[in-house]
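# Survey of secondary and tertiary structure
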Amino acid sequence: MNLQFSNVVDAVYKLPLADREELKNLLEHNILEARREEIATTFKASKTEEKKLKFSNNISALKKMLK
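Below you will find a few notes about this structure. (Residues numbered from 1 in each chain as written. Predicted model: local features only at pLDDT ≥ 70, side-chain atom pairs only at ≥ 80, totals over all residues. Heavy atoms only, no water.)

### With respect to the overall build of the protein
For the record, the criterion: Numbering of helices and strands runs from the N terminus; a helix is a DSSP stretch of H or I covering at least four residues, while a strand is a stretch of E covering at least two. In this setup the radius of gyration rests on C-alpha atoms only. A globule is expected at 2.2 Å times the number of residues raised to 0.38. For the exposure calls, accessible area comes from a 1.4 Å probe over protein chains only, and a residue counts as buried if that area is under 20% of its type's maximum, exposed if over 50%, partly exposed in between. All accessible-area figures derive from a Shrake-Rupley calculation using a 1.4 Å probe, and residue coverage is judged against the displayed protein chains alone. When charges are counted, Lys and Arg are positive and Asp and Glu negative, with His and the chain ends excluded. A charged residue contributes its charge at one atom only: NZ of Lys, CZ of Arg, CG of Asp or CD of Glu.
For the protein, the helix and strand inventory stands at three helices and zero strands. Starting at the N terminus and ending at the C terminus, the protein contains elements arranged as α-α-α. Relative to its length of 67 residues, the protein is extended, with a C-alpha radius of gyration of 24 Å against a globular reference of 11 Å. Its C-alpha atoms give the protein principal-axis dimensions of roughly 70 × 20 × 20 Å. Among the 67 residues that make up the protein, the fraction classed as buried is 0%. Of the accessible surface of the protein, which amounts to about 6700 Å², a share of 60% is contributed by carbon and sulfur atoms. Each charge sign in the protein was given a centre, from 13 positive and 10 negative side chains, and these centres are 18 Å apart.

What follows is the structure, given as structure tokens:
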């Protein structure tokens, strides 16, 4: 199924108001869920990277880490 964006928009505009509101609600829910998943994935990746970090108050050791 290969729909052009403009055809989809035209079809949506032709829907009754109640159907357009329902579609809007479905899209908002879908977008929020996708964003939550993206945030969760990023959080997990950052926690993995955080485990690789090395902390030190030794200036010589810090300088070596920067090289």
